[in-house]
Amino acid sequence: MIRSVVRGFGAALPKRVMTNKEMESKVETSDEWIVQRTGIRQRHIAGEGETTASLGEGAARAALERAGMTADDLDLIIVATSTPDNTFPATAVNIQNRLGMRHGAAFDLQAVCSGFVYAVATADAYIRGGLARRALVIGAETFSRILDWSDRTTCVLFGDGAGAIILEAQKGEGTNADRGVLTAQLRSDGIHGDKLYVDGGPSTTGTVGHLRMEGREVFKHAVGMITDVIEAAFEATGMTAEDVDWLVPHQANRRIIDGSAKKLRIPNDKVVVTVDLHGNTSAASIPLALDAAASDGRIKKGDLVMLEAMGGGFTWGSVLIRW
């Protein structure tokens, strides 16, 4: 059986760090309030010359170096993003060009904060279907460019960054002991579209627009939706929460992360948390957290890693990977 095995990982963050203290000078808020409600202490903000593509390129190069590969070894690039450099061409094609890759295929995927989970599931389907041997999967965002900086309910939450992994086709035995993606569970329900959205677009307003969110509504649905796709992954594989070595959640809000882990009976010491350092970086948050935990040695070869996310649309999903 063909499995999609993680060969490399990498991350890139903008140079500028914006602390909660600096936020206090922009909107009526406080460090204490932000930390208490969200767990966020700082976030990175893209500056001049830093774009979704440049950050994605940085994460891609780091992943390639760790994997001991070059762009010539790739067949596919998928970029999960809601903040592309241009309406078109795709940011993935831009990154493909930056890497000097002149073959294969590259495209963007948009599922907001669930984008990286959707992109990993898509790359896995390409690999298992024989359409690609090696895939570069990137989550990259510059959400600071679609924020209303006078809206204190949203501008304190988001940051910029990029993370990437490289998946490679390898033969497995078809058991849960195999390395690679073991199962992916994806969901969406468009009835919730008005609870987290951007109020602009080329076909409606002809503008980029700003992010708008009904925070309480998102929070109300988040834990249940996250639990749904994680339990579906357990059902698909016959595994349980006790088998999981690491839960790597979308880094939106510390209270959502803690609530989901508690409901699933996953101990806090098995949960990777970077929301305090990065804020909510949408599709970039999971690969940024993966890079942090794999770089410092927490996530090791053979570990069972659960990825999960929920985002605007609503979209939500999980991926269970043997590292």
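Residues numbered from 1 in each chain as written. Predicted model: local features only at pLDDT ≥ 70, side-chain atom pairs only at ≥ 80, totals over all residues. Heavy atoms only, no water.

**Some details on helix H4 (residues 91–99)**
Then step 1. If you check which residues of H4 are buried, you get Thr91, Ala92, Ile95, Gln96 and Leu99. One face of H4 carries all of its buried residues, which in axial projection span an arc of 145°.
Then step 2. Elements in contact with the buried residues of H4: helix H3 (52–67), strand S4 (76–80), strand S5 (105–109) and strand S6 (134–142).
Then step 3. Looking one or two residues past H4, Gly100 carries a phi angle of roughly 80°, positive in sign. (Buried < 20%, exposed > 50% of the residue type's maximum accessible area, 1.4 Å probe, protein only. Helix = DSSP H or I, 4+ residues; strand = E, 2+ residues; numbered from the N terminus. Arc of directions from axis to C-beta. Contact = heavy atoms within 4.5 Å.)

**Quick word on the side chain of Asn253**
Then step 1. Following the sequence through the fold, Asn253 ends up in the loop between strand S11 (246–249) and helix H8 (254–264).
Then step 2. Excluding residues within four positions of it along the chain, Asn253 makes contact with Arg37, Thr38 and Val275.

**Things to note about the domain arrangement of the chain**
Then step 1. For the chain, the assigned domains are domain 1 (2–171) and domain 2 (180–322).
Then step 2. Between domain 1 and domain 2, the C-alpha centre-to-centre distance is 14 Å.
Then step 3. Counting from both sides, the interface comprises 52 residues of domain 1 and, opposite them, 49 residues of domain 2.
Then step 4. Between domain 1 and domain 2, the buried area comes to about 3,700 Å², and carbon and sulfur atoms account for 66% of it.
Then step 5. Applying the counting rule to domain 1 against domain 2 returns one salt bridge.
Then step 6. Linking Arg212 and Asp148 is a salt bridge whose minimum nitrogen-to-oxygen distance equals 3.0 Å.
Then step 7. Summed over the shared surface of domain 1 and domain 2, the number is 19 residue pairs in polar contact (both at pLDDT 80 or more).
Then step 8. Breaking the side of domain 1 that touches domain 2 down by element, the ones donating at least two residues are strand S1 (2–12), helix H2 (31–38), strand S3 (42–45), helix H5 (115–128), S6, helix H6 (152–155) and strand S7 (160–171).
Then step 9. Broken down by element, the residue count for the side of domain 1 that touches domain 2 peaks at eight residues, all from S1.
Then step 10. In terms of residue class, the side of domain 1 that touches domain 2 is made up of 25 nonpolar, 17 polar and ten charged. (Domains from an automatic or database assignment. Buried area = accessible area lost by both parts, 1.4 Å probe. Salt bridge = Lys/Arg side-chain N within 4 Å of Asp/Glu carboxyl O. Polar contact = N/O pair within 3.5 Å; in protein donor to acceptor, adjacent residues only side chain to side chain. Nonpolar A, V, L, I, M, F, W, Y, C, P; charged D, E, K, R; others polar.)

**Re H8**
Then step 1. Turning to H8, its buried residues are Ile256, Ile257, Ser260, Ala261 and Leu264. Seen end-on, H8 carries its buried residues on one side only, within an arc spanning 125°. Exposed residues pointing more than 90 degrees away from the buried face of H8 are listed as Lys262 and Lys263.
Then step 2. Packing partners of the buried residues in H8 comprise helix H7 (215–237) and S11.
Then step 3. In this structure Asn253 caps H8, since a side-chain oxygen of it lies 2.7 Å from the backbone nitrogen of Arg255.
Then step 4. Following H8 by one or two positions, Arg265 has its phi on the positive side, about 60°.

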